[in-house]
Amino acid sequence: MAQGKFFNWFLFIILSIIWGSSFILMKEGLVSLSAYQVASLRIIFSAMVLLPTAIKNLRTIPRNRLGLVCLSGVLGSLLPAYLFCIAEEKLDSSLAGTLNSLTPIFVLLIGVIFFQQKIAWQKIAGITLAFTGTVLLFVLMPRGSDNYDYFSVVLIIIATICYGINVNMVHKYLLHLPSLHIAAVGLSSNALPALVVLFFTGFFQMDFTTSSILLSIGATAILGILGTALASILFYVLIKRAGPVFSSMVTYCIPIVAIFWGIIYGEAVGWIQVLCLLIILAGVYIANRKRKTTASEKGGVLAKV
């Protein structure tokens with residue numbers, strides 16, 4: 001039991017690092033590529049990695065679940081990839097990462113309203129505390145400008161709603177399928193529409209001898225292979241092992257990684273930011289802590305048996 005919980009936290013930390021770094025990689029990709037090109041290449045690179053697995057295991061997906069697996073790829077990767085890249089053309093990567101922490105809120109709301117999920121009070125308290133820490137971190141973090149595009153903010157909110165639907169859908173309808181198979185088939189099904197979008201952006205007419213273009217493509221390749229292909233597999237594993245609420249709370253640790261990148265790039269980080277991070281981690285812990293059963297409750301359970 002203890003080893004299983006340790007592994008859940010290990011996956012949680014790895015995903016936080018990968019996805020927290022994704023926003024920087026998106027910015028690097030956008031240096032010489034358009035938002036549609038970065039998002040399309042991200043999907044295509046992830047599909048290239050997972051296509052052999054998708055072909056091999058396509059028959060293991062029940063026909064009545066194949067549509068849901070493909071829909072999971074759209075909601076969990078395809079649409080958010082474009083929405084985030086378009087938003088980051090006008091938003092700081094740190095702000096995009098912070099707004100991404102709305103995901104657990106939508107996981108909770110969508111789970112309760114549409115999927116009849118029962119959420120314990122400590123999970124609600126933990127999510128609220130972690131979200132409070134994230135808001136404080138965003139409000140108090142140093143930034144060069146407060147001039148942000150609100151339409152771009154709305155795009156990220158839509159992306160987090162897509163994540164919320166996908167997490168609940170996977171947990172309720174696809175829990176019995178292997179995580180690798182879901183990720184491989186779901187992401188591979190995104191490759192064709194992404195390739196069509198990439199074709200119409202003029203990508204194949206670009207000068208690929210230009211170093212800046214190659215660097216942007218390289219950053220996007222890392223984004224697709226690690227930030228989409230590998231991260232999606234790990235995320236599906238975590239959903240199955242730890243449930244939708246804990247899994248979605250990975251997004252609350254993304255600002256921690258953003259601050260780490262800020263330190264690397266010489267940005268000022270003070271005790272206020274550290275305090276906010278402690279609040280976020282406390283919220284994650286509370287939401288994941290199992291409630292102890294009282295003696296009276298145990299008696300009630302025994303009586304029912």
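Above this text is the structure in question.
Described in the following lines is the structure provided in the data block. Each chain carries its own residue numbering, running from 1 in the direction its sequence is written. A pLDDT threshold of at least 70 governs which residues receive local features in this predicted model, and a stricter bar of 80 or more applies before side-chain atom pairs are shown or counted, although totals over entire chains, interfaces and linings include all residues. As a rule here, side-chain values cover all heavy atoms of the structure and leave hydrogens and water aside.

As for a nonpolar patch on the surface
The criterion, for reference: In this scheme, patches are assembled from residues that exceed 30% relative accessible area and form no salt bridge. Like charges are connected within 9 Å, while nonpolar side chains (Val, Leu, Ile, Met, Phe, Trp, Tyr) are connected within 5 Å. Each accessible area value is a Shrake-Rupley result obtained with a 1.4 Å probe; residue values ignore everything except the protein chains displayed when judging cover. What makes a salt bridge here is a side-chain nitrogen of Lys or Arg within 4 Å of a carboxyl oxygen of Asp or Glu, nothing more. In this text, helices come from DSSP runs of H or I with a minimum length of four residues, and strands from runs of E with a minimum of two, each type numbered from the N-terminal end.
A cluster of nonpolar side chains, namely Val-135, Leu-136, Val-139, Leu-140, Trp-271, Ile-272, Val-274, Leu-275, Leu-278 and Leu-281, defines an oily patch on the protein surface of about 890 Å² accessible area. Going through the elements one at a time, helix H6 (121-140) and helix H13 (271-288) are the ones with two or more residues in the nonpolar patch. A per-element tally of the nonpolar patch places H13 first, with six residues. Here Trp-271 lies in helix H13.

Quick notes on helix H2 (residues 35-57)
Quick reminder of the rule: Working rule for helices: expected span equals 1.5 Å times residues minus one. Throughout, bend refers to the angle between the axes fitted to the seven residues that end at a position and the seven residues that start at it.
Between the first and last C-alpha of H2 there are 32 Å, a value that for 23 residues agrees with the 33 Å anticipated at 1.5 Å per step. Along H2, the sharpest change in direction is near 50° and occurs at Leu-50; proline Pro-52 comes one to four residues later.

A short note on the packing of helix H7 (residues 150-173) against helix H10 (residues 211-242)
The condition that has to hold: Where helices are involved, their axes are fitted lines through C-alpha atoms of the stretch in contact, as for all axes, and angles between N-to-C directions lie from 0 to 180°. Orientation categories follow fixed angle ranges, with anything under 35 degrees roughly parallel, anything over 145 roughly antiparallel, 65 to 115 roughly perpendicular, and all other angles oblique. What makes a crossing left-handed is the near helix being turned counterclockwise from the far one by less than a right angle; a clockwise turn instead makes it right-handed. Throughout, a residue-residue contact means that at least one pair of heavy atoms, one from each residue, lies within 4.5 Å.
Remark: H7 packs on H10, axes separated minimally by 10 Å, with the N-to-C direction vectors making an angle of 60°. Relative to H10, the element H7 is oriented oblique. Every pair of crossing elements has a handedness; the one defined by H7 and H10 is right-handed. When H7 is examined against H10, the residues Asn-166, Val-167, Val-170 and His-171 are found in contact with a partner set consisting of Phe-235, Tyr-236 and Ile-239.

Considerations on the packing of helix H5 (residues 103-114) against H7
Two packed helices can be described by the angle between their axes and the distance between those axes. Applicable threshold: The residue classification treats Ala, Val, Leu, Ile, Met, Phe, Trp, Tyr, Cys and Pro as nonpolar and Asp, Glu, Lys and Arg as charged. All others, Gly included, are polar.
Packing of H5 against H7 leaves a shortest axis separation of 8 Å and a crossing angle of 50°. As summarised for this structure, H5 and H7 are arranged oblique, according to the angle between their axes. With respect to the hand of their crossing, H5 and H7 are arranged in right-handed fashion. On H7, the residues touching Thr-103, Phe-106, Val-107, Ile-110 and Gly-111 of H5 are Ile-157, Thr-160, Ile-161, Tyr-163, Gly-164, Ile-165, Val-167 and Asn-168. The residue inventory of the contact of H5 with H7, partitioned by class, reads eight nonpolar, five polar and no charged.

What to know about the packing of aromatic side chains
Aromatic ring pairs are defined here through the distance separating the ring centres and the angle between the ring planes. The cut-off we apply is this: Pairing of aromatic rings covers Phe, Tyr and Trp, the last counted by its six-membered ring, and requires centre-to-centre distances within 6.5 Å; plane angles under 30 degrees mean stacked, over 60 mean edge-to-face, and any other angle means tilted. Relative accessibility decides the category of a residue: with a 1.4 Å probe and only protein chains considered, values under 20% of the type maximum give buried, values over 50% give exposed, and everything between is partly exposed.
In the structure shown here, the tally under the stated rule is 10 aromatic pairs. Ring plane angle 65° and centroid distance 5.6 Å describe the contact between Phe-23 and Phe-84, whose orientation is recorded as edge-to-face. Pair noted here: Phe-23 is in helix H1 (residues 2-29) and Phe-84 is in helix H3 (residues 63-88), with a separation of 61 residues, a long-range link. Under the relative-accessibility criterion, Phe-84 is labelled buried at 3%. Consider the rings of Phe-199 and Phe-200, whose centres lie 5.3 Å apart with planes at 85°: the pair is edge-to-face. When sorted by exposure, Phe-199 lands in the same class as Phe-200, which is exposed. Among the aromatic residues, those joined into a cluster by ring pairs are Phe-23, Phe-84 and Tyr-163.

Function cannot be inferred from these measures alone, as they are strictly geometric.
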